[in-house]
Amino acid sequence: MSNPLPPALRAALDAAIEQARKSWDEGGIPIGSALVDAKGTIVSLGHNRRVQKGSGILHAEMDCMHNAGRRRDWSRMTLVSTLSPCPMCTGMALLYRIPRVVIGENKTFVGAEDWMRHKGVEIIYANDDTCVELMERMKRERASLWNEDIGIDD
């Protein structure tokens with residue numbers, strides 16, 4: 001069951017879910033991300049495009065941050081992801097001192113949450129059923145592709 005989020009963060013998670021669906025429809029990994037400013041405005045969106053672009057690093061959060069462009073206000077942003085961020089994406093969020101991360105779900109995959117907490121990042125868990133369903137389908141229908149995305153040899 002989903003946890004209630006403030007309206008701006010709910011809107012950002014919904015936008016990230018649409019990005020995840022877009023990636024799935026493109027043949028990719030169904031993970032989406034949004035970046036929200038201090039006023040609650042969505043600044044950028046991204047989705048996992050590793051498959052689509054033949055990239056080793058274009059996870060949803062990386063794509064979202066790339067789409068945000070050069071900024072100086074990272075420390076006032078909230079990063080929203082449909083899935084618990086991996087160590088690579090967590091490292092990027094920590095590098096730019098993003099203070100808050102909304103995680104759509106961490107039932108199917110737990111990323112570097114301990115590292116974020118250790119560095120003082122506020123983590124908000126949405127426990128969103130749609131996010132879980134997207135990843136369960138991914139693991140069921142494209143397990144090999146999922147393993148590739150998280151660096152596991154088949």
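Asks: Tell me what's going on with the overall build of the protein chain, and back it up with residues and numbers.
Replies: Counting its regular elements, the protein chain contains 7 helices and 5 strands. Of the regular secondary structure in the protein chain, the N- to C-terminal order runs α-β-β-α-α-β-α-β-α-β-α-α. Counting only C-alpha atoms, the protein chain reaches 40 × 35 × 30 Å along its principal axes. The burial tally for the protein chain puts 51% of its 154 residues in the buried class. Sequence separation of at least 24 residues holds for 56% of the intrachain contacts in the protein chain that already meet a minimum separation of 6. Accessible surface, the protein chain as shown: approximately 7,600 Å² in total, 50% of it carbon and sulfur.

Asks: Can you tell me about the nonpolar core, naming the residues and giving the values?
Replies: If you look at the biggest cluster of nonpolar residues, it comprises 29 residues, and the most contacted ones within it are Ile-31, Leu-35, Ile-98, Met-138 and Trp-146. Elements supplying a minimum of two residues to this core: helix H3 (60-68), helix H4 (87-95), strand S4 (100-103), helix H6 (129-141) and helix H7 (143-149). Of the residues forming this core, the biggest block, 5 residues, is contributed by H3. The residues touching Met-138, leaving out its near neighbours within four places in the chain, are Trp-24, Gly-28, Ile-29, Pro-30, Ala-143, Leu-145 and Trp-146. Residues Ala-12, Leu-13, Ile-124 and Leu-134 belong to the second largest nonpolar core, which totals 14 residues.

Asks: Pulling in residues and values, what's your account of the pattern of salt bridges?
Replies: All chains considered together, the criterion is met by 11 salt bridges. We note a salt bridge from Asp-128 to Arg-10, for which the minimum N-O separation is 3.0 Å. In this pair, Asp-128 sits in the loop between strand S5 (122-125) and H6 while Arg-10 sits in helix H1 (residues 7-25), placing the two residues 118 residues apart along the sequence. For Asp-128, a relative accessible area of 4% gives the class buried. Residue classification places Arg-10 among the partly exposed positions, given a relative accessible area of 22%. Where Glu-122 meets Arg-100, a salt bridge forms, and the shortest distance between an N and an O atom there is 3.0 Å. Here Glu-122, found in strand S5, pairs with Arg-100, found in strand S4; they are 22 residues apart in sequence, far enough to count as distant.

Asks: Lay out empty space enclosed by the protein with the relevant residues and their values.
Replies: Summed over the entire model, instances satisfying the criterion amount to 1 cavity of 30 Å³ or more. In this model, the largest cavity occupies a volume close to 80 Å³. The wall of the largest cavity is formed by 13 residues, among which Ile-31, His-59, Leu-83, Ser-84 and Cys-86 lie closest to the centre. Class assignment for the residues of the lining of the largest cavity results in 8 nonpolar, 3 polar and 2 charged.

Conventions adopted
- Residues numbered from 1 in each chain as written.
- Predicted model: local features only at pLDDT ≥ 70, side-chain atom pairs only at ≥ 80, totals over all residues.
- Heavy atoms only, no water.
- Helix = DSSP H or I, 4+ residues; strand = E, 2+ residues; numbered from the N terminus.
- Buried < 20%, exposed > 50% of the residue type's maximum accessible area, 1.4 Å probe, protein only.
- Contact = heavy atoms within 4.5 Å.
- Areas by Shrake-Rupley, 256 points an atom, 1.4 Å probe, with all protein chains shown as cover.
- Core = buried A, V, L, I, M, F, W, Y, C linked by side-chain atoms within 4.5 Å.
- Salt bridge = Lys/Arg side-chain N within 4 Å of Asp/Glu carboxyl O.
- 1 Å grid on protein atoms, 1.4 Å probe; cavity = no way out; pocket = protein on both sides within 12 Å on 5 of 7 lines; lining within 4 Å.
- Points joined across faces, edges and corners; volume = space filled by probe spheres on them.
- Nonpolar A, V, L, I, M, F, W, Y, C, P; charged D, E, K, R; others polar.

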